[in-house]
Amino acid sequence: MRSCLALWFLTLGLAWPCMICDADKKAAVYDYGMCQVADRRHEVVVYLAVEGPVPQSSDFRIWLSKVVARQSKRAHVSTAPAAVSMLLPPAQVGTAVNKVRRALASRGLKVRRLD
């Protein structure tokens, strides 16, 4: 019985997200509805990882939300783990990612695309 209980706790511990890997970052900002809209409109959902010492303050999250909102009408932002998803027309992806990259660079942070 003890071994079964120990195995259950071990399995439970392994199931928690680490918040470090790309899959967890993507999952933090995934929106099924946004993916459906992208499919209907022939647009793409772009996932970005924010790297560096990301502030956990609500002020930073609001600032990041405003930066992303300027590039996309529909987006999600997470600071733990630090990630962004944006719904964009394919022709605007490069420009939008670069603008978000520049804004975050001004705060000492880097952006990496999650594909």
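Within each chain, residues carry numbers counting from 1 in the order of the written sequence. Per-residue local features of the predicted model are confined to residues with pLDDT of at least 70, and side-chain atom pairs are confined, for both listing and counting, to 80 or more; whole-chain, interface and lining totals are unaffected and use all residues. Only hydrogens and water are removed before side-chain values are computed, so all heavy atoms of the structure are retained for them.

Considering the overall build of the chain
What counts, and what does not: Secondary structure is summarised from DSSP: a helix means a run of H or I of at least four residues, a strand means a run of E of at least two, and numbering begins at the N terminus for each. Note on exposure labels: buried denotes an accessible area under 20% of the residue type's maximum, exposed denotes more than 50%, and partly exposed covers the range between, all computed with a 1.4 Å probe on protein chains only. Throughout, a contact is declared for two residues whenever any of their heavy atoms are within 4.5 Å. Shrake-Rupley sampling with a 1.4 Å probe provides the accessible areas, and residues are treated as covered by the protein chains on show and by no other component.
Along the backbone of the chain there are five helices and four strands. The 115 residues of the chain split such that 36% are buried. Taking as baseline every contact in the chain between residues at least 6 positions apart, the subset at least 24 positions apart corresponds to 69%. In the form shown here, the chain has an accessible surface area of approximately 7400 Å², with 59% of it arising from carbon and sulfur atoms.

Remarks on the packing of helix 4 (residues 58–69) against helix 5 (residues 93–105)
Selection rule: Each axis is a line fitted through C-alpha atoms, taken for helices only over the stretch in contact, and angles between the N-to-C directions span 0 to 180 degrees. The scheme is simple: roughly parallel for angles under 35 degrees, roughly antiparallel for over 145, roughly perpendicular for 65 to 115, oblique for anything else. Crossings are sorted by hand: turned counterclockwise from the far helix by less than a right angle, the near helix makes the crossing left-handed, and turned clockwise it makes it right-handed. Classification convention: Asp, Glu, Lys, Arg as charged; Ala, Val, Leu, Ile, Met, Phe, Trp, Tyr, Cys, Pro as nonpolar; all other residues, Gly among them, as polar.
Taken N-terminus to C-terminus, the directions of helix 4 and helix 5 make an angle of 150°; their axes are 10 Å apart at the nearest point. Taken together, the axis directions place helix 4 and helix 5 in an arrangement best described as roughly antiparallel. For the element pair helix 4 and helix 5, the recorded crossing hand is right-handed. Residue-level contacts link Phe 60, Trp 63, Leu 64 and Val 67 of helix 4 to Val 100, Ala 103 and Leu 104 of helix 5. Across the contact of helix 4 with helix 5, the residue classes break down as seven nonpolar, no polar and no charged.

Topic: the side chain of Gln 71
Inspection of the secondary structure puts Gln 71 in the loop between helix 4 and strand 2 (75–79). Given a relative accessible area of 19%, Gln 71 falls into the buried group. In contact with Gln 71, not counting residues within four places along its chain, are Met 86, Leu 88, Ala 96, Lys 99 and Val 100.

What about the confidence of the model for the chain?
Quick note on the threshold: Per-residue confidence from the predictor is given as pLDDT, running between 0 and 100.
Chain-level statistics for the chain give a pLDDT mean of 88 and a share of 83% at 70 or above. Looking over the chain, one finds the lowest element-wise mean pLDDT in helix 1 (residues 2–15), namely 50, and the highest in helix 5, namely 97. Low confidence marks residues 4–8, where pLDDT is under 50. Its contacts with residues over four positions away, or in another chain, come to zero contacts.

Describing the environment of Asp 115
Structurally, Asp 115 can be placed in the segment after strand 4 (110–114). You can call Asp 115 exposed: its relative accessible area is 76%. For the pair Asp 115 and Asp 22, spaced 93 residues apart in sequence, the C-alpha separation works out to 9.0 Å.

A few points about the nonpolar core
It is characteristic of soluble globular proteins that their nonpolar side chains tend to be buried jointly. As a reminder, the rule being used: Joining through side-chain atoms within 4.5 Å is the link that ties buried Ala, Val, Leu, Ile, Met, Phe, Trp, Tyr and Cys residues into a set, and such a set is a nonpolar core.
By size, the foremost hydrophobic cluster in this structure holds 22 residues, and its most contacted members are Leu 48, Leu 64, Val 84, Met 86 and Leu 104. Mapped by element, the contributors of at least two residues to this core are strand 1 (44–51), helix 4, strand 3 (82–88) and helix 5. Here the element with the most residues in this core is helix 5; it accounts for six residues. Here Leu 104 is in contact with Val 50, Phe 60, Trp 63, Leu 64, Leu 109 and Val 111, once residues within four sequence places are set aside. Ala 38, Tyr 47, Ala 83 and Leu 114 belong to the second-largest nonpolar core, a separate cluster that totals 10 residues.

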